Amino acid sequence: LISYPIERIVVRQDGGAVIVAEAAYTTEYSYYDSFSQSFTRRLEYNFNNIIILSVSNEGIADWSSVIEKEQVSLDDGGIFSSFCSLLNSEQLVVLYNDNISKRSKMIPVSVNNLGTTTPLKSFQQTDGIQLLPKSGKQVSENEMLVPALIKRKLFLIKFTF
């Protein structure tokens, strides 16, 4: 459980809550480079499955859902990893980069109020879009703004669901 920090808690009208957590951890290793004759230290950032758990006001789990993903990056602080979310009265939408590379795709997934996970229709995408999901913010009931790098330039992308 220590590798699943809670990202979001949503209080329900009946006193229960929906808890969103993501597997996030770092590993560190070093090696000796004989060519440069020095030690090199590497930090590996891992952001994996997202767990969504609904609990009643008595603390009993109503349902749980898992969004499977695997994101691994080196020495970048995990800036392109993790996810951003949008919450409205019908669903929780999670948006994340498929893989951390220049050919990354944006993946939207919806979770309804019964815990059913549904992949949403993918956006029309061009190569080279890398979301900065931790900086994404919900701005209205069905819209979110997410910064992204497109061919090394910073843009602000508006998603409407």
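Further up the page is the structure itself.
Because the structure is predicted, anything quoted here is derived from the model rather than measured. (Residues numbered from 1 in each chain as written. Predicted model: local features only at pLDDT ≥ 70, side-chain atom pairs only at ≥ 80, totals over all residues. Heavy atoms only, no water.)

Draft legend 1. Structural detail: the sheet that holds strand E6 (residues 84-87). Read across the open sheet, the four strands follow the order E6-E7-E8-E9; overall the sheet is antiparallel. Two strands in the sheet have a free side with no partner beyond their single neighbour: E6 and strand E9 (117-119). Sheet twist, expressed as the average angle between the axes of neighbouring strands with direction ignored, equals 25 degrees. Across three bridges, strand E8 (residues 106-112) lies against E9 in antiparallel orientation. Looking across to E9, one finds that Val-109 is bridged to Pro-119. (Pairing = 2+ DSSP bridges. Helix = DSSP H or I, 4+ residues; strand = E, 2+ residues; numbered from the N terminus. Axes fitted to C-alpha atoms, helices over the stretch in contact; angles between N-to-C directions.)

Draft legend 2. Geometry of the layout of surface pockets. There is about 300 Å³ of room inside the largest pocket. Around the largest pocket, the lining is made up of 17 residues, and of these Val-10, Val-18, Leu-87, Asn-88 and Asn-113 lie nearest the centre. Sorting the residues of the lining of the largest pocket by element identifies strand E1 (6-11), strand E3 (38-55), strand E7 (91-97) and E8 as the ones contributing at least two each. Its residues placed into classes, the lining of the largest pocket shows eight nonpolar, seven polar and two charged. In this model, the second largest pocket occupies a volume close to 230 Å³. Along its surface, the second largest pocket is lined by 13 residues, and Phe-83, Cys-84, Ser-85, Lys-134 and Gly-136 are the ones closest to its centre. Looking at the lining of the second largest pocket, the elements that each hand over two or more residues are E1, E6 and strand E11 (137-140). Residue composition of the lining of the second largest pocket, grouped by class: four nonpolar, four polar and five charged. (1 Å grid on protein atoms, 1.4 Å probe; cavity = no way out; pocket = protein on both sides within 12 Å on 5 of 7 lines; lining within 4 Å. Points joined across faces, edges and corners; volume = space filled by probe spheres on them. Nonpolar A, V, L, I, M, F, W, Y, C, P; charged D, E, K, R; others polar.)

Draft legend 3. Main features of the side chain of Ser-54. Assignment of secondary structure puts Ser-54 in strand E3. Under the relative-accessibility criterion, Ser-54 is labelled buried at 1%. Looking at Ser-54, its side chain comes within polar contact range of the side chain of Arg-12, at 2.3 Å. Discounting residues that sit within four places of it in the chain, Ser-54 has contacts with Arg-12, Ala-17, Val-18, Ile-60, Ala-61, Asp-62 and Trp-63. (Buried < 20%, exposed > 50% of the residue type's maximum accessible area, 1.4 Å probe, protein only. Polar contact = N/O pair within 3.5 Å; in protein donor to acceptor, adjacent residues only side chain to side chain. Contact = heavy atoms within 4.5 Å.)

Draft legend 4. Expanded view of the pattern of salt bridges. Following the criterion strictly, the structure yields six salt bridges and no others. For Asp-14, the salt bridge identified is with Arg-12, shortest N-O distance 3.0 Å. For Arg-12, a relative accessible area of 22% gives the class partly exposed. Between Lys-158 and Glu-143 there is a salt bridge, with its nearest N and O atoms 3.5 Å apart. Taken together, the positions of Lys-158 in strand E13 (residues 153-160) and Glu-143 in strand E12 (residues 143-150) put the pair 15 residues apart, joining distant regions of the chain. A relative accessible area of 21% places Glu-143 in the partly exposed class. (Salt bridge = Lys/Arg side-chain N within 4 Å of Asp/Glu carboxyl O.)

The values reported here are purely geometric and, on their own, carry no functional implication.
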